[in-house]
Amino acid sequence: MMAILHPIRMLRENLSDISAAVNASREFSRAGAARYSSETINPVTAAIPL
C-alpha cells in the first residue's frame, strides 16, 4: 500500500516546489518592475542595489 502512495507524495512535493519557484520568480519580476519605475522617477535611488 505504501508503494502506491509514495509517488503521489513525491508528486505533491514536486508541485509544491514548482509553485514556490513560480511565486519567487513573480515577486522578483514585480520588484524589478517597481525598481525600474522608481529609477525613472528618482535617478538618485538608481545606484542603490536591490
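Right above here is the structure, for reference.
Predicted model, so just to flag it, every value in this text is computed and none were measured. (Residues numbered from 1 in each chain as written. Predicted model: local features only at pLDDT ≥ 70, side-chain atom pairs only at ≥ 80, totals over all residues. Heavy atoms only, no water.)

Enquirer: Just to check I follow, could you spell out the overall build of the protein for this structure?
Expert: A tally of helices and strands in the protein yields one helix and zero strands. For the protein, the proportion of its 50 residues judged to be buried stands at 0%. When the accessible surface of the protein is totalled, it reaches about 4400 Å², and 68% of it is carbon and sulfur. (Helix = DSSP H or I, 4+ residues; strand = E, 2+ residues; numbered from the N terminus. Buried < 20%, exposed > 50% of the residue type's maximum accessible area, 1.4 Å probe, protein only. Areas by Shrake-Rupley, 256 points an atom, 1.4 Å probe, with all protein chains shown as cover.)

Enquirer: Please clarify how the pattern of salt bridges should be interpreted in this entry.
Expert: Any two side chains of opposite charge can pair, given that their charged atoms come close. The tally for this structure, following the rule as stated, stands at one salt bridge. In this structure, the salt-bridge partner of Glu 27 is Arg 30, at a minimum N-O distance of 3.2 Å. Taken as a pair, Glu 27 and Arg 30 lie in helix H1 (residues 2-41) at a separation of three residues, close to a single helical turn. (Salt bridge = Lys/Arg side-chain N within 4 Å of Asp/Glu carboxyl O.)

Enquirer: So what exactly am I meant to see when it comes to a nonpolar patch on the surface here?
Expert: Taken together, the side chains of Leu 11, Leu 15, Ile 18 and Val 22 make up a nonpolar region of the molecular surface, amounting to roughly 380 Å² of accessible area. You can see Leu 11 is positioned in helix H1. The exposure class of Leu 11 is exposed, given its relative accessible area of 51%. (Patch = residues over 30% accessible without salt bridge, like charges linked within 9 Å, V, L, I, M, F, W, Y side chains within 5 Å.)

Enquirer: Whenever I open this one, the environment of Arg 35 confuses me. Can you help?
Expert: Structurally, Arg 35 is set in helix H1. For the pair Arg 35 and Pro 49, spaced 14 residues apart in sequence, the C-alpha separation works out to 9.6 Å.

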